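Close look at the chain arrangement
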Amino acid sequence: MYEQLTDDELFAEVVRRRAAGEPVGAHLGSLVDRWGRPARYVISKIQASYGRGSPADADELFQDAVGKFIDRGLDQFRGVSEQMPGRSASPKTFFLRIVKHVAIDFYRRHREELAAPPSDPDDAMEEPPSEVARAVEAGKRTEQRAEAQELYWAAFARLQQEHPKEASAWELYHHEDVEDHEECARRLNITVVNSYKRVSRAQAYLKLYLLDLQRETQGEEA
Amino acid sequence: MSVALSRYSARRSVLSSAKSSPGEILEAAGDFLRRSSRVGMEGVEDALRGLGRPQVEAWLKAQKPQSLQPVLLRAAEEAVEVALDGGEEAEMWRASALEGLAARDRAASAARALAAWEGLHGALQGDAAQLRDSFLSALGTLDSSLRPRARWFIPLNPQRRQELELLEPAEQDTAWWFSARAGCDDLVATWTGRPQSLTPHLQGCVDCRADMADAAPVDAPPRRHLTADDLWRFDMGLMTEDERARVDAHTARCGECAQAVLALGEGEEAVEEALDMDMEEGAVGRAARSSRAPVSGRPSAARHPEQREVLDERRDFRVVLVRERQRVRLLVQPLSGRAVTAAVFLSPGRPSLKPTNGPEGLSFDLTTASSTGARSAHLSVQAGSETLERDFAF
Ligand SMILES: [Zn+2]
Ligand SMILES: [Zn+2]
């Protein structure tokens, strides 16, 4: 279908129909069909980069990318093209970049799921537990870690609310890897002494908030 | 005589003053009852006998113990400021925080005096008894939510211990606002850093050990990983200079995000290869269409050939800088069949860039570094006994 149209013309028609509230399915389907092979090639390279993946993943990722292309891509495409003329000159290139990002995002998340919990040196001394017990234990630890993480971020949210200046210094210094008070001071437009002060105040309040939250959740469980 | 002791002694006049309200009399009487060994009971019984039932019932009706919650929470913040401020305002914070604790303590005294009053006058009945019960249970609720936060008051410990000494032993544990964590002064130093060595108290105190262990995540805070949106904006060149510097700093330490950025580069190569493949096909299969408009806006590789610059050549290897449009990579090509290892450092102390092994040799992608403002790097190559150490610009 629509063989007589170029990618750009077909894409323009999709955009026009979408803006007019007309169905875009047939046009869009035809358009992304043309890009199926290069998309799969890109996916295969990301799979190779992450050292995992299957053809079934590839189908799913392609569908995801089409969804993203419709949801956000059509508008973003225009934005990116305007801000960076040439960086994303054709809808096809833009679509392949979405494919690339969807695939990377998928394998990043997949990697996290598969990541083993950090080994505990104490465990090495014990009898090797059965596979089931090990899995249960690993699951429990993952859960505890997730819970600890959640409480940390809840404590940080409270710091942001009650001591926003300390929170932004902490955010920059630690969460955003600046780890340098001179740079922190420059970015926040404060003195170096103040950067030290804010980060250290943030540390104290974060500990106190975190401990409060932990005792609260322990109280609920008890 | 301690400051605290003389303050309580001075309250004795409240018991006999005609100007004292029933609440003031109950609080003062309770203050003495709870500290009888240290300050004596003189005047307490007379004062309580002088309080009539209607007065006590009216007082009970007016009580709102839950209003102590915000008072104590504010006192907790002020107490921590005593430790964190360190400046001239510290003493102001201390006085204000102690006033908050004193408010909770007066409520305990009133409750104690009320029991003594009932002992003298007979128990409260009906609605008044119910008011008494809800007054006491509200105090209990308040305590069970705030007692676990007693560590906030540790900076006030010198004054809290003075208060504690005056209380009857039976009262001390209940009065958590003075007694809980009253010996845990050493913990304060752990809030703003990790002490070089643990004091005997920190080693031996169960509460302090639990606090230090549970607060440990703050000493090694998690980093924010690059989100899918970060990667998109990075890839599309939509980041500010500071944001790009952050990506650089983060990927230098975080293998997972570094891998994602590496995959962006590899994926970009794949996008370009895919476009080339289609161009070739398009030339045959879609000739009519591509004569009207290019299949993509990407200029063909032929019109932008890559530029190669040989930086160094030795018997066993050659070092080549390869530029193609926005991409830059350093290629280390083995020449003699001898194993060649190489590393590229963007700055001292950082790990090497991760090379990919291709048909031409080891390839280091410098595109990301270049886009974040890096202009030079250090190269280290080893082949057999031959080594090369040099800086190069890109
Ligand atoms: Zn302690
Ligand atoms: Zn990361």
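Above: the structure in question.
Residues numbered from 1 in each chain as written. Chains lettered and ligands numbered in written order. Predicted model: local features only at pLDDT ≥ 70, side-chain atom pairs only at ≥ 80, totals over all residues. Heavy atoms only, no water.

**Quick word on the coordination of the zinc ion (ligand 1)**
All names here are of chain B. As a reminder of what qualifies: Water is absent from the atoms considered, so a metal site may look incomplete; donors are defined as N, O and S atoms within 2.8 Å of the metal, or 3.2 Å for Na, K and Ca. A four-donor site is classed as tetrahedral when every donor-metal-donor angle falls between 85 and 135 degrees; four donors are called square planar, and six octahedral, when trans pairs exceed 155 degrees and all remaining angles lie between 65 and 115, with any other arrangement labelled irregular. Here a helix means four or more residues in a row that DSSP labels H or I, a strand means two or more in a row labelled E, and each is numbered from the N terminus. Between buried and exposed lies partly exposed: a residue is buried under 20% and exposed over 50% of the maximum accessible area for its type, with that area taken using a 1.4 Å probe on protein chains only.
All of the protein donors around the zinc ion (ligand 1) are C184 (SG), H201 (NE2), C205 (SG) and C208 (SG); their distances to the metal are 2.1 to 2.3 Å. Seen from the zinc ion (ligand 1), its four donor atoms lie at angles of 105 to 116°, and the figure they make is tetrahedral. For the zinc ion (ligand 1), the donor residues sit on a single chain with the sequence spacing C-x16-H-x3-C-x2-C. A residue pair is termed long-range when its members are at least 10 positions apart, and C184 in the loop between α12 (176-179) and α13 (188-191) and C205 in the loop between α14 (200-204) and α15 (206-219) qualify at 21 residues. Across the pair, C205 and C184 agree in class, each one buried.

**Details of the coordination of the zinc ion (ligand 2)**
All names here are of chain B. Looking at the zinc ion (ligand 2), the protein donor atoms are H225 (ND1), H250 (NE2), C254 (SG) and C257 (SG), and they sit 2.0 to 2.3 Å from it. The coordination sphere of the zinc ion (ligand 2) comprises four donor atoms, whose angles at the metal cover 101 to 118°; the geometry is tetrahedral. Its relative accessible area of 42% is what places H225 among the partly exposed residues. According to the relative accessible area criterion, C254 is buried, its value standing at 9%.

**Describing the packing of aromatic side chains**
The criterion, for reference: Within 6.5 Å between ring centres, the rings of Phe, Tyr and Trp (the latter by its six-membered ring) count as paired, and their orientation is classed by plane angle as stacked under 30 degrees, edge-to-face over 60, tilted in between. Two limits define a charge over a ring: the Lys NZ or Arg CZ must be within 6 Å of the ring centre, and within 35 degrees of the ring normal.
Per the stated rule, a full pass over the model turns up 19 aromatic pairs over all chains. Seen from their ring centres, F106 of chain A and Y107 of chain A are 4.9 Å apart, and the 90° between their planes marks the pair as edge-to-face. One exposure class covers both F106 of chain A and Y107 of chain A, and it is buried. These aromatic residues form a ring-pair network of at least three members: F11, W35, F62, F69, F94 and F95 of chain A together with W232 of chain B. The residue whose ring lies beneath R40 of chain A is F62 of chain A, and the NZ or CZ to ring-centre distance is 5.0 Å.

**Notes on helix α9 (residues 126-146) of chain B**
Given 3.6 residues to a turn, an α-helix orients residues that are three or four positions apart in the same direction. Residues and elements named next belong to chain B. For clarity, the cut-off: In a helix, the anticipated span is given by 1.5 Å times the number of residues less one. In this description, the arc belongs to the directions extending from the helix axis to the C-beta atoms. Only heavy atoms matter for contacts: two residues are in contact if any of them lie within 4.5 Å across the pair.
Taking 1.5 Å of rise per residue, the 21 residues of α9 would be expected to cover 30 Å, and the 31 Å separating its terminal C-alpha atoms lies within 8% of that figure. Every buried residue belonging to α9 is among A128, A129, R132, F135, L139, L142, D143 and L146, and all of these are buried. The buried residues of α9 occupy an angular sector of 155° when the element is viewed end-on, so they sit on one face. Those residues of α9 that are exposed and angled more than 90 degrees off the buried face are G126, D127, Q130, T141 and S144. Against the buried residues of α9 lie α6 (53-61), α7 (68-85), α8 (90-121) and α12.

**Looking at the nonpolar core**
The cut-off we apply is this: Residue types Ala, Val, Leu, Ile, Met, Phe, Trp, Tyr and Cys, when buried and joined through side-chain atoms within 4.5 Å, form a set referred to as a nonpolar core.
Among the nonpolar cores identified, the biggest contains 88 residues, and L159, W170 and L206 of chain A together with L48 and F153 of chain B are the most heavily contacted of them. The contacts of F153 of chain B, once residues within four sequence positions are left out, are L72, A75, A76, A79, L101, R160 and W176 of chain B. Membership of the second largest hydrophobic core comes to 47 residues, among which are Y2 and W35 of chain A together with L231 and L264 of chain B.

**Section: the packing of helix α3 (residues 22-33) of chain B against α8 of chain B**
All names here are of chain B. Operational definition: Axes here refer to lines fitted to C-alpha atoms; in helices the fit is confined to the stretch in contact. Angles between the N-to-C directions go from 0 to 180 degrees. With respect to orientation, any angle under 35 degrees is reported as roughly parallel, any angle over 145 as roughly antiparallel, any angle of 65 to 115 as roughly perpendicular, and every other angle as oblique. Nonpolar residues are Ala, Val, Leu, Ile, Met, Phe, Trp, Tyr, Cys and Pro. Charged residues are Asp, Glu, Lys and Arg, and all others, Gly as well, are polar.
Interaxial distance between α3 and α8 falls to 7 Å at its minimum, and their mutual angle equals 90°. Between α3 and α8, the crossing angle belongs to the class labelled roughly perpendicular. Taken together, the residues of α8 that come into contact with α3 (itself represented by L26, E27, A29, G30, D31 and L33) are D105, R106, S109, A110, R112, A113, L114 and A116. Considering only residue class, the contact of α3 with α8 consists of seven nonpolar, two polar and five charged.

**Digging into the sheet that holds strand β1 (residues 307-313) of chain B**
Residue and element names in this part refer to chain B. For clarity, the threshold we go by: DSSP-based pairing: two strands are paired if at least 2 bridges between them are found.
Strand order in this open sheet of five strands is β1-β2-β3-β6-β5, and the pairing throughout is antiparallel. The open sheet terminates on both sides in strands that have one partner only, identified here as β1 and β5 (356-358). Strand-to-strand, the axes of this sheet are offset by a mean angle of 25°, without reference to chain direction. The pairing of β1 with strand β2 (residues 317-324) spans six bridges and is classified as antiparallel. Pairing of D312 across the sheet is with V319, part of β2.

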